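Listed here are the chains, written in short residue letters.
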Amino acid sequence: MKLATKLLLFIAGSKLVVAALFILLLPFLVDQIASEYTNYILKEQQEKVMDIVAKNGIQYYLQGEKSYGSYTLLKEEYIALEPYTDKASLDTIKDTKRIIEGDTLNYRVLSHTFYDENKPYLLEVGKTIASIHQYNQPLQRFALYVLISLIVFTVLIDVTFTRLLVKPLGQIIKSRLVNRKFPFKEQEAKIKTSTTDFSYLDESILILMRQINEAFAKEREFTANASHELMTPISILQHKLENLLRDEDLSESAELGILETMKTLDRLKKISSSLLLISRIDNEQFVKRDEVNPVVLLQEILEEISHRLEEKNIQIHLDIKEELLLKQVNHDLLFQLFYNLINNAIKFNKENGTIEIFDELLSFNQYQITVKDTGKGIAKAQIPFIFNRFRKSDQAENPGYGLGLAIVKSIAAYHQIDIQVNSEVDKGTSFRVIFNLFNDA
């Protein structure tokens, strides 16, 4: 999962959690606000009454009566004044019941005692509970709408900001890591970003790419030079050994020793030739201008390698149906690629085994040739490493130098060919060689 996606999921998840908590607490919050606001209104009314009493006296309300009471038309609010006989003073706000004209109603009542002309009085200011909470539901709906609007707005802002924030990281991944062909030839410009971490990451990757290029160039140069320089002394030694073999006084044991030495030199010469070939491929010293017909190419290989088939009595079936040309390729390199694959199919096959070579047009742009054998197969654990140089198989009776498939890999990489391997132990192996038909490379 991409970093931007994780950030957006985290932001969206955290906002949903906050929204859920807010929705759960919303009824309680609205009730609390309504209650606090009612308390404030009741105290305001108390202060107004007390100001009037202070200016005009208690009789302004009593008018010669023992008590005073007034309430609104719907009995939602009332004010009451009466003499107070209890010694304890009151200054409270609480929910209680009152009887108004025979109706028992629930009120939130402010009770306050005071003195006027040295006489104690009780002031009550009340508001019905129903009127206090009549706007709770509309307030909750309004708060919910506001919350949803804010969440949508902030999510849009977060999405925009997150995309802008991680955009340089995406550019670094796309330009530095994805679909890069090694070695890295082009000189990449630095990614423009104000984020220090991304700048440091970009610079570090560029430094590593340069270091890898330098190390790879040195390795290729050493391999090419060493392989080339080895060829001359090997040829001289072979020539001298051949001259020694012409000596008629040479003993049989000495002759056998010289022959063994010549075999060893021959193997060393083949290894040097293979390393030199890989180095030339990696250095792109071959031109890709040929047009190759797969049928003709494979028939050429089979003619050259047919004597190997007779040694193990192996039957080979060539079934190439598609009539097409592989363009912008090197004929000799493709010959070597399929030669090595078919040669391995013979080398690691069983007596009286079979080899199948067939093709398939995967899409308008992809063409596949499969080389399939009935050999001993390759263990799954070994498949990821079979293209490594000097990586030998476990087939003790057919030892190799570990360079055949390395050459195949280098040729495939040079032509941007994809090679896929399927294998089962004791059942056989298939190599699928996939060409991109409209590759401009």
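Residues numbered from 1 in each chain as written. Predicted model: local features only at pLDDT ≥ 70, side-chain atom pairs only at ≥ 80, totals over all residues. Heavy atoms only, no water.

Looking at an unreviewed UniProt entry, one finds the protein chain named histidine kinase and attributed to Pedobacter puniceum. What UniProt records for the protein chain under Catalytic activity (unreviewed entry) is the sentence "ATP + protein L-histidine = ADP + protein N-phospho-L-histidine." What UniProt records for the protein chain under Subcellular location (unreviewed entry) is the sentence "Membrane". (UniProt positions renumbered as here; feature names shortened; annotations may be inferred.)

A. Molecular detail of the nonpolar core. Core analysis: the largest hydrophobic core is formed by 49 residues, its most contacted members being F338, I342 and F435. It is helix α8 (residues 331-347) that provides the largest number of residues to this core, a total of nine residues. Formed jointly, this core draws a minimum of three residues from each of two domains, domain 2 (196-282) and domain 3 (290-436). Once residues within four sequence positions are removed from consideration, F435 is found in contact with L326, L334, F338, N365, Q366, Y367, I369 and I417. Grouped together as the second largest cluster of nonpolar side chains are 12 residues, I58, Y61, L81 and L110 included. (Core = buried A, V, L, I, M, F, W, Y, C linked by side-chain atoms within 4.5 Å. Buried < 20%, exposed > 50% of the residue type's maximum accessible area, 1.4 Å probe, protein only. Helix = DSSP H or I, 4+ residues; strand = E, 2+ residues; numbered from the N terminus. Domains from an automatic or database assignment. Contact = heavy atoms within 4.5 Å.)

B. Local environment of the sheet that holds strand β5 (residues 119-128). Overall, antiparallel pairing links the five strands, which are arranged β1-β2-β5-β4-β3 in an open sheet. Lying at the two open borders of the sheet, with one neighbouring strand each, are β1 (68-71) and β3 (91-100). Averaged over neighbouring strand pairs, the angle between their axes works out to 25° when direction is ignored. Pairing between β1 and strand β2 (residues 77-83): four bridges, direction antiparallel. (Pairing = 2+ DSSP bridges. Axes fitted to C-alpha atoms, helices over the stretch in contact; angles between N-to-C directions.)

C. Quick peek at the UniProt feature "transmembrane region" (unreviewed entry) in the protein chain. Under the UniProt annotation, the feature "transmembrane region" (unreviewed entry) is placed at residues 7-30 and 142-166. End C-alpha to end C-alpha, residues 7-30 measures 33 Å, and it is 100% helix and 0% strand. Helix makes up 100% of residues 142-166 and strand 0%, whereas the separation of the span's terminal C-alpha atoms amounts to 36 Å.

D. The arrangement of the packing of helix α1 (residues 3-56) against helix α4 (residues 136-177) in detail. One way to put it is that α1 packs onto α4 with a least axis distance of 10 Å and a crossing angle of 160°. The orientation of α1 relative to α4 falls into the category roughly antiparallel. In this structure, the crossing between α1 and α4 has a hand that is right-handed. A per-class count over the contact of α1 with α4 returns 21 nonpolar, four polar and three charged. (Parallel < 35°, antiparallel > 145°, perpendicular 65-115°, else oblique. Left-handed = near helix turned anticlockwise from the far one by under 90°. Nonpolar A, V, L, I, M, F, W, Y, C, P; charged D, E, K, R; others polar.)

E. Local environment of a nonpolar patch on the surface. Taken together, the side chains of V17, L21, L24, L25, F28, L29 and I33 present a nonpolar region at the surface, about 720 Å² in accessible area. Residue placement: F28 occurs in helix α1. Owing to a relative accessible area of 53%, F28 belongs among the exposed residues under this scheme. (Patch = residues over 30% accessible without salt bridge, like charges linked within 9 Å, V, L, I, M, F, W, Y side chains within 5 Å. Areas by Shrake-Rupley, 256 points an atom, 1.4 Å probe, with all protein chains shown as cover. Salt bridge = Lys/Arg side-chain N within 4 Å of Asp/Glu carboxyl O.)

F. Molecular detail of unusual backbone geometry. In this structure, E117 is a non-glycine residue whose phi angle is positive, near 55°. Topologically, E117 is positioned in the loop between β4 (103-116) and β5. In this structure E117 comes out as exposed when scored by relative accessible area, which is 67%. Here the phi dihedral of N118 falls at roughly 65°; this positive angle occurs in a residue that is not glycine. Relative to the helices and strands, N118 resides in the loop between β4 and β5. Residue classification places N118 among the exposed residues on the basis of a relative accessible area of 75%.

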